[in-house]
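Letter by letter, the chains look like this.
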Amino acid sequence: MRSKKKRTDRVALLLGLLCLVLVVIVGVDIWNNHKDKKERSAQKTASEETSEVIALPEEMMESESSQESESAESSEGSSATEESSEESSEESSEESSQESSEESSEESSEESEEEKEREPEPWNLTLVNRWNPLPEDYEIPEFTELRDNNSIDSRAYPELQAMFDQMRSEGYLPRITESYRTHEDQVAMMDYYIQSYLDQGYSEEEAKEMAEDYVAVPGTSEHELGLAVDISTADYEAQAPEVIWEWMAAHSYEYGYILRYPEDKTGITGYAYEAWHFRYVGKEAAKEIFEQGVCLEEYLDRIDATPEEIAAAQQEQSEGEG
Ligand SMILES: [Zn+2]
């Protein structure tokens, strides 16, 4: 009887010890778990902060456009790339944080360094094309109102007037059909073109692609820059626009204006030939561009089109000629 009770006591003691061990184990586990959660949530906050840096819209746009242009520029100016990576140590923490957050190839991070290395062009040489949208903070200090609801950047006006005076004195009848266009105008215009192709039975993708051959994607039109004019004739019966374009192609550079989308540069400019579209760049640059027979992208050494895009445009052109 007694020994039986002793055994029960021992069993009770053992059970008690077991419980204690269990409590300790569970307790430690709970505490660890809690610690883990705390650490994890700290990590989460940190990674959220990083992703915010990655998601900055401007950086997205930059890396997207630099990816597109990778092959073109890497073959174009490898010496410029080397130079810029040497000097890039000067560039601040912004750069290094971008590098660490960007998981793309070495090439594209070198690309963005090169972009930053570049001095911004002066206002008259601002490059706006499908690879280089108009900077959102770009400001036109003053407008000059022209006839027919047109207006342009006042800095491009005196030479435009002088050019028109000269043409008129020679019997030409030029007229401006398009000039400064607001971003909203550009959006409306793109929508209009897409719709007209849709109405002709093209698919949405086709319509968009075809419209983009003729209308700049909003944000990428020189008309939003206030330095471009489209020229036609003031009197179709008296004078065909081609007559005026011919004079302008030969003389506009004397007034600081260039034929912006030449027939033989469509791959580089990203535009079909536009005989009517002239862009102000100032007399000095216009003369050099004219005499060298280059387009603005070549003049600025900022060719973003891929070799494939350039080749495709050349192919298309030779087919058209043949
Ligand atoms: Zn135009």
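Keep in mind that what you see is a predicted model, and the values were worked out from it rather than measured.

### As for the overall build of the chain
Okay, so step 1: A count of helices and strands for the chain gives 13 helices and six strands.
Okay, so step 2: Burial status across the chain gives 23% buried among its 322 residues.
Okay, so step 3: Partitioning the intrachain contacts of the chain with sequence separation of at least 6 by distance along the chain shows that 73% fall at a separation of at least 24.

### Here's the deal with the pairing of strand S4 (residues 228-233)
Okay, so step 1: Note: strand S3 (residues 174-178) against S4, four bridges, orientation antiparallel. Bridge pairing links Arg175 to Ser232 in S4.
Okay, so step 2: Sheet analysis places S4 next to strand S6 (residues 274-280), joined by three bridges and oriented antiparallel. Within the sheet, the bridge partner assigned to Val229 lies in S6 and is Phe278.

### A look at the sheet that holds S6
Okay, so step 1: Spatial ordering of the open sheet is given by S3-S4-S6-S5, a layout of four strands whose pairing is antiparallel. What marks the edges here is a single partner per strand, and that holds for S3 and strand S5 (257-261). Averaged over all adjacent pairs, the angle separating strand axes in this sheet is 45°, with direction ignored.

### Structural notes on the packing of helix H7 (residues 183-199) against helix H8 (residues 204-214)
Okay, so step 1: Remark: H7 packs on H8, axes separated minimally by 8 Å, with the N-to-C direction vectors making an angle of 130°. Compared by their axis directions, H7 and H8 come out oblique. Of the two elements, H7 crosses H8, and the hand of that crossing is right-handed. Contact with H7, carried on its side by Met190, Tyr193, Ile194, Tyr197 and Leu198, involves Glu204, Glu206, Ala207, Lys208, Met210, Ala211 and Tyr214 of H8 and no other residues of that element.
Okay, so step 2: Of the residues belonging to the contact of H7 with H8, the class tally is nine nonpolar, no polar and three charged.

### Topic: the environment of Ala216
Okay, so step 1: By the secondary structure assignment, Ala216 is in the loop between H8 and S4.
Okay, so step 2: Between the C-alpha atom of Ala216 and that of Met189, which follows or precedes it by 27 residues, the distance is 9.2 Å.
Okay, so step 3: Setting aside residues up to four positions removed in sequence, Ala216 forms contacts with Gln186 and Ser221.

Parameters at a glance
Residues numbered from 1 in each chain as written. Predicted model: local features only at pLDDT ≥ 70, side-chain atom pairs only at ≥ 80, totals over all residues. Helix = DSSP H or I, 4+ residues; strand = E, 2+ residues; numbered from the N terminus. Buried ≥ 20, exposed ≤ 12 C-beta atoms within 10 Å, placed from the backbone. Contact = placed C-beta atoms within 7 Å. Pairing = 2+ DSSP bridges. Axes fitted to C-alpha atoms, helices over the stretch in contact; angles between N-to-C directions. Parallel < 35°, antiparallel > 145°, perpendicular 65-115°, else oblique. Left-handed = near helix turned anticlockwise from the far one by under 90°. Nonpolar A, V, L, I, M, F, W, Y, C, P; charged D, E, K, R; others polar.

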